[in-house]
Amino acid sequence: MIDFVLLIVIAICIIALGLAAILTRNLLSQDEGTPKMREVSDAIRVGAEAFIKRQYSTIAVLTIVFAVVIFAVYYLTGQGSLALSTAAAFIVGAACSAVAGVVAMWIAVRTNIRTASAAQTSDGKALDFSFRGGAISGLIITSMSLLGVSLTYIALGADPTHTPFVIIGFAFGASFVALFAQLGGGIYTKAADVGADIVGKVEAGIPEDDVRNPATIADLVGDNVGDCAGRGADLFESTAAENIGAMILGVALFPIFGVNGILFPIVMCSLGLLASMIGILSVKGVDGADPMDAMNRGYYITAIISAFFLAGGVYYLLGATPGWMYFVLAGFVGIALSVAFLRVTLYYTDHHYRPVQDIADASETGAGTNLIMGFSVGLETTAVPAVLIGVSLLASYWCGTMTGIPQGGLYGTAVATIGMLMVCAYVLTMDTFGPIADNAGGIVEMSQAPDEVRQRMDKLDAAGNTTKALTKGYAIGSASLAVFLLFNAYMADIAKLTGKAFDVVNLANVNVFVGALIGAMLVFLFASLAIRAVSKTAQYVIEEVRIQFKDPGIMAGTKKPDYARVIDITTQGALKNMVLPGALVILFPIVIGVTMKHEALAGFLMVATITGILLALILNNSGGAWDNAKKYIETGVHGGKKSEAHKAAVIGDTVGDPFKDTAGPSLHVLIKLLATLTLVLAPLFI
């Protein structure tokens, strides 16, 4: 019999999908703009769909191969009864993650043209369309994640003390696909962006998204395959992995809470989805107003409603213990951390504050000082977030221990993680809004729309840059709590497999120390390969654009550039260069676990996680700061566009591009992939 609370989860997800369907129907009925706008939009859509088809064909082959590996591991280690179910869960999770990425891209390439068309008459209407397009993705992806976990749990027996350890295969499948989707999309989008900027802005001195630049369509395609498809798969796997990790910790408290303690994570996230629907519907664009005001208001509405739902959910599901209010406080810690991370990220990446202004000031003396200042800001950004994460873990653990139940501290951190995750659908809405607005701005520019239309889209595009930076901060913040959760789930799984307590990792043990050292090294090696992949692919793009710029007809605007050629070059480079870093992430923990066993792998996982969090913060925030310093100068300060300071800022932005949109976001996935991989293949490491 299906537990009643699971029916609540399924019902809320169906409501969310129904709302997404209504929003989709309304959006697709809107005007598609001028013939020139449609021409640009169609080229973006065709290029994005072609890349996604080729990328996911490659990922599908890798997924099938690894599903066979999982089956073999369980079968050969004497757990044949789990072999088929775990491998099947892996494939289902991978398939759902792939669909999540495709949905995000499909919606974005159809919303951009309607947003551009709306900008012809109203910036408020343009905000409504782009935000609703993001909302469709956010609602569908979050619903799919919750439905996927719930239905897989039911399909694999719904045994509360056994099934959570099996459905971790679902989370691993989601992480597996998300890594390659984010990495491949990130390489594509930033290689095209760097190529377009260096040859177009710096060498030729033409505006961004100029119709004469052969790399512009590839750049706009990249917004969809990287920022939409990649991030959609990223946050899909976040919700899946974090929910399942919390469910595993709930197994230890089964004697106290029963099945309620295990299903608590997905119930709370479904209530957060309901709160997000209310927050989304509260956002309304107003002509002449700052777009961030409306979106921030919707976010705070979502967070406040989520807090009320959390308190009610804890009382209903965990009220069996007299200290249940402490779990409510732990959940509030998670919600507060999500707000704090957004504010800290805003401080470091918005031009209204000191860090971005410092980078803009440094641009006055050249690219060298711009780069030095930008990297300094990136290093600085690790301080406050690290303290926030540490305080949140300590506070939520203390709240859990104050409940007076065994292992309450760990479960308190799980409740905090779920509290932070409750606003995920709204955050994903803001994230997808960013590339939609960016694409719409490109369509307006390339279709040579009137200046007032471009000015409306410039304001929306600036807001989109801010939301993209904010959601990266949220993603790494939630990942920080999640990986602590998943690390403890790994230790619980090892204890279950060995029949012995496993709650201490001895860093003085030489095997553990070596494992930890290699874990830290892997993070830096992966980031290096991801950034190098952008450089190598961008070199192909730059060479092609330079060749086409030698044609006088293209530069005079009388001949159309060969956009398809650049798209094809970028696609080949991205798919070729995503395989090696992705493969290393899979192979390294397996080698460590097989050769030095589970405790050394625990050290590997612990240090790789800490290193990955800090490096992701450096890459995300320095890249965002460099980007917004450039845009700040383009508003007219320090000489404005085409000044020496602007040229220096463009170089800084070029360096920051692979930081913030390729390596940084991929590290979010990497640290969770390592955790889910070790959970799924745990029998191999005993």
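Note: the structure precedes this text.
A brief structural summary. (Residues numbered from 1 in each chain as written. Predicted model: local features only at pLDDT ≥ 70, side-chain atom pairs only at ≥ 80, totals over all residues. Heavy atoms only, no water.)

Moving on to the environment of Pro160. Checked against the element boundaries, Pro160 lands in the loop between α4 (123-155) and α5 (163-166). C-alpha of Pro160 to C-alpha of Phe254: the two residues are 94 residues apart in sequence and 8.0 Å apart in space. (Helix = DSSP H or I, 4+ residues; strand = E, 2+ residues; numbered from the N terminus.)

Let us look at a nonpolar patch on the surface. Judged by side-chain polarity, Phe71, Tyr75, Leu76 and Leu84 come together as a nonpolar surface patch covering roughly 490 Å² of accessible area. For Tyr75, the location among the structural elements is in helix α2 (residues 35-76). (Patch = residues over 30% accessible without salt bridge, like charges linked within 9 Å, V, L, I, M, F, W, Y side chains within 5 Å. Areas by Shrake-Rupley, 256 points an atom, 1.4 Å probe, with all protein chains shown as cover. Salt bridge = Lys/Arg side-chain N within 4 Å of Asp/Glu carboxyl O.)

Running from N to C, helix α9 (residues 259-281) and helix α16 (residues 424-446) point in directions that differ by 45°, and their axes come no closer than 7 Å. Classed by the angle they form, the pair α9 and α16 counts as oblique. Here α9 contributes Leu273, Ser276, Gly279 and Ile280 to the contact with α16, which in turn contributes Ala425, Tyr426 and Thr429. Split into classes, the residues belonging to the contact of α9 with α16 amount to four nonpolar, three polar and no charged. (Axes fitted to C-alpha atoms, helices over the stretch in contact; angles between N-to-C directions. Parallel < 35°, antiparallel > 145°, perpendicular 65-115°, else oblique. Contact = heavy atoms within 4.5 Å. Nonpolar A, V, L, I, M, F, W, Y, C, P; charged D, E, K, R; others polar.)

Tallied over the full model, the rule gives 22 aromatic pairs. On the basis of an interplanar angle of 10° and a centroid distance of 6.0 Å, the ring pair of Phe71 and Tyr75 is categorised as stacked. Residue Phe71 and its partner Tyr75 are both found in helix α2; the two are separated by four residues, about one turn of the helix. Put simply, the rings of Phe66, Phe90, Phe172, Phe176 and Phe180 touch in pairs and so form one group of aromatic residues. Positioned above the aromatic ring of Phe165 is the side chain of Lys496, whose terminal nitrogen or guanidinium carbon lies 4.9 Å from the ring centre. (Phe/Tyr/Trp six-rings, centres within 6.5 Å; stacked < 30°, edge-to-face > 60°. Lys NZ or Arg CZ within 6 Å of the ring centre and 35° of its normal.)

Another aspect to go through is helix α6 (residues 168-204). Over its 37 residues, α6 runs 52 Å from end to end, which matches the ideal 54 Å to within 8%, given 1.5 Å per residue. Along its length, α6 reaches its greatest deviation from straightness, about 25°, at Asp197. (Expected span 1.5 Å × (residues − 1). Bend = angle between axes of the 7 residues up to and from the residue.)

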